[in-house]
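An overview of the molecular structure
As a plain string of letters, each chain reads:
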Amino acid sequence: MQHLAILPILIPLFTGAMLLLPPFRDVLNRQRSLALVSVAFQVIFAAMLLVTAASEGTQMYVLGDWQPPFGIVLVADRLSSMLVLLTTLLCAGALLYSCAGHDKSGQYFHSLFMFQVMGINGAFLTGDIFNLFVFFEVLLIASYALLVHGGGKQKTQAAVHYVILNLIGSSLFLFGLGILYGTLGTLNIADMAVQVRALDESEAILAKAGGLLLLLVFGLKAALLPLHFWLPRTYASASAPVATLFAIMTKVGVYSIFRVHTVVFGEEANLLANIALPWLWPMAMGTLAIGTLGVFASPTLRVMTANLVIISAGTLLIAAALQTEHATSAALYYIVHSTLVTGALFLIADLISRQRGKAEDRFVKSRAMAQPRLLGFAFVIAALAIIGLPPLSGFVGKVLIMRAAESTAEIIWIWPLILISSLMVLVAISRAGTTLFWRVTSASSSEEQVHPLEIAGIALLLAASPLLVIFGGPATEFTADAAHQLHDLTQSVDALLPNSTALPGDNH
């Protein structure tokens, strides 16, 4: 039990390595069995980690017994353990779907899948920014390979843009780390929060440059305007299970903004307090607006779903810009909803594409689908949830975020933007559904049937939306506690450091 915090990293790491060995490498059924067993264990241990973090407090795992701020530390608090469980559930749905035959496009699909999950889990659990960079690179390298898995001109073109942009982002990340290490003398997140309060004016200017460089990098990962343009084409060109797993990639960037710019550069950062807010406000609102326009202009369901990911990122970043516990709590509820529902929508788009023949998922007339009722039901559930209509979780999540706006100015900006965006998404998705399911030129001639594993994967992800409403009380209570833990520096900073690192006279 004392190793729970590192198991979400070790299990996919060892699984990915084993899948490369001869007993599994050349036998697809063995790869599937090992991958599914591994994901089952990951879900179990992630759930145990979340329960432990909720009942016993933050779990700190110090590798090699090198105490912070000097060693490598994993921090499993309520926030990080919740996101690890979210990742494993998303992975389970995508993996179930892939085992219906979508993993045949390349020999190393399952291994790469595990390495990407390892990188995502590591990014959520790490307690220092340098290892955040390391896990960013792990998940990005795996995503590069998964994106081009199976080949194709469209995939290769999208991958080139994606790789070049992220290489630039990685370079800027290193520059930011170097500046912050030079001024603060540490990259441990909790220790940085202590040291940043003691900076004089000349050092604070350099540290501000480093902090804003990190905001730029995290904004790139989160698809923050104007760094979002890579996402629709990249996600739309990926295979369905890969696009589903990619649904949480932007959330890694959003999480990093919450973690670094709340704990390190938050209200207690003295000269550097809330340095991200002047930039975050306009870019977050712009991201929501441009994502909404992208949904309206999307030619295919895959591209529309990719733009819905941008909308969810903009909504979450508006909550981050509010910088309050209520807003953070609302964002944590919404992050679970949006990740799983958009992931399911990528899978539904793939099924629709296969049953419409040459028209695929384009919004044009085509022959009827072989199973319109089944796919229509799944599409309607996903659509109602993602639009934000009652009684599903999207409605609750958006209401919570709007209620987090307290001042008149915040209400004037946030409420109309979210409501108009929801209305436009409602119109766009209604038009898309009408075209896909009702505008048919002939009866179906396809014998393509949905595989039971595909249904299972989609059902697993869609089930989250009604469950988040049915168990809304415990869910919002947990997210409120997680938000309080993040904003309370006695828990997110002082409890993670030896007493000797605190500054004299510091109250936290």
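Residues numbered from 1 in each chain as written. Predicted model: local features only at pLDDT ≥ 70, side-chain atom pairs only at ≥ 80, totals over all residues. Heavy atoms only, no water.

We now examine the overall build of the protein. Secondary structure summary: the protein contains 22 helices and 2 strands in total. Taken over the C-alpha atoms alone, the protein extends approximately 75 × 60 × 40 Å along its principal axes. Each of the 508 residues in the protein was classed as buried or not, and the buried ones make up 59%. Within the protein, contacts between residues at least 6 apart in sequence are counted, and of these 79% link residues at least 24 apart. Put simply, the protein shows about 19300 Å² of open surface, and 67% of that area lies on carbon and sulfur atoms. Charge-centre separation for the protein: the mean point of 25 positive side chains lies 21 Å from the mean point of 27 negative side chains. (Helix = DSSP H or I, 4+ residues; strand = E, 2+ residues; numbered from the N terminus. Buried < 20%, exposed > 50% of the residue type's maximum accessible area, 1.4 Å probe, protein only. Contact = heavy atoms within 4.5 Å. Areas by Shrake-Rupley, 256 points an atom, 1.4 Å probe, with all protein chains shown as cover. Lys, Arg positive; Asp, Glu negative; His and termini not counted. Charge placed at Lys NZ, Arg CZ, Asp CG, Glu CD.)

This part covers a nonpolar patch on the surface. A cluster of nonpolar side chains, Val 37, Phe 41 and Ile 44, forms an exposed patch at the surface whose accessible area comes to about 270 Å². With respect to the helices, strands and loops of the structure, Val 37 is situated in helix 3 (residues 28–56). (Patch = residues over 30% accessible without salt bridge, like charges linked within 9 Å, V, L, I, M, F, W, Y side chains within 5 Å. Salt bridge = Lys/Arg side-chain N within 4 Å of Asp/Glu carboxyl O.)

Bringing the packing of aromatic side chains into the picture now. A complete count under the given rule lists 15 aromatic pairs for this structure. Judged by centre distance (6.2 Å) and plane angle (20°), the ring pair of Phe 41 and Phe 45 falls under stacked. Of this pair, Phe 41 and Phe 45 both sit in helix 3, separated by 4 residues, roughly a single helical turn. Using a relative accessible area of 42% as the deciding quantity, one classes Phe 41 as partly exposed. Looking at Phe 45, the relative accessible area reads 24%, which means it is partly exposed. (Phe/Tyr/Trp six-rings, centres within 6.5 Å; stacked < 30°, edge-to-face > 60°.)

Once that is clear, we can look at the pairing of strand 2 (residues 73–76). Alternating residues of strand 2 divide into Val 73 and Val 75 and Leu 74 and Ala 76, and every residue in both groups is buried. Note that strand 1 (residues 59–62) and strand 2 share 4 bridges and pair antiparallel. Within the sheet, the bridge partner assigned to Tyr 61 lies in strand 2 and is Leu 74. (Pairing = 2+ DSSP bridges.)

So, about the side chain of Gln 323. Following the sequence through the fold, Gln 323 ends up in the loop between helix 14 (301–322) and helix 15 (325–355). Polar side-chain contacts of Gln 323 include one of 3.3 Å to the backbone oxygen of His 261. Other than its neighbours up to four places away in sequence, Gln 323 contacts His 261, Thr 262, Glu 267, Asn 274, Leu 277 and His 487. (Polar contact = N/O pair within 3.5 Å; in protein donor to acceptor, adjacent residues only side chain to side chain.)

Between helix 4 (residues 78–98) and helix 15, the least distance of the axes is 10 Å, while the angle of their chain directions is 10°. Judged by the inter-axis angle, helix 4 sits roughly parallel to helix 15. For the pair helix 4 and helix 15, the contacting residues are Leu 79, Met 82, Leu 83, Leu 86, Leu 90, Gly 93 and Tyr 97 in the first and Leu 332, Ile 335, Val 336, Thr 339, Leu 340, Gly 343, Leu 347, Asp 350, Leu 351 and Arg 354 in the second. Of the residues contributing to the contact of helix 4 with helix 15, the split by class is 12 nonpolar, 3 polar and 2 charged. (Axes fitted to C-alpha atoms, helices over the stretch in contact; angles between N-to-C directions. Parallel < 35°, antiparallel > 145°, perpendicular 65-115°, else oblique. Nonpolar A, V, L, I, M, F, W, Y, C, P; charged D, E, K, R; others polar.)

What follows is about the pattern of salt bridges. For the structure shown, the criterion picks out 9 salt bridges. In this structure, the salt-bridge partner of Asp 103 is Arg 32, at a minimum N-O distance of 2.8 Å. With Asp 103 in the loop between helix 4 and helix 5 (109–125) and Arg 32 in helix 3, the pair connects residues that are 71 residues apart, well separated along the chain. Accessibility expressed as a relative area gives 14% for Arg 32, which makes it buried. Here Asp 361 and Arg 302 are joined by a salt bridge, their closest N and O atoms 3.3 Å apart.

Turning to the confidence of the model for the protein, a few remarks are in order. In this model, the protein carries an average pLDDT of 89, and 96% of its residues clear a pLDDT of 70 or more. Per-element mean pLDDT across the protein ranges from 84 in helix 2 (residues 22–25) up to 95 in helix 4. (pLDDT = per-residue confidence, 0-100.)

Turning to the environment of Met 1, a few remarks are in order. Within the secondary structure layout, Met 1 lies in the segment before helix 1 (7–18). Given a relative accessible area of 68%, Met 1 falls into the exposed group. When the C-alpha positions of Met 1 and Tyr 181 are compared, they lie 34 Å apart, and in sequence the two are 180 residues distant. Beyond its immediate stretch of four places on either side in the chain, Met 1 contacts Met 48 and Thr 52.

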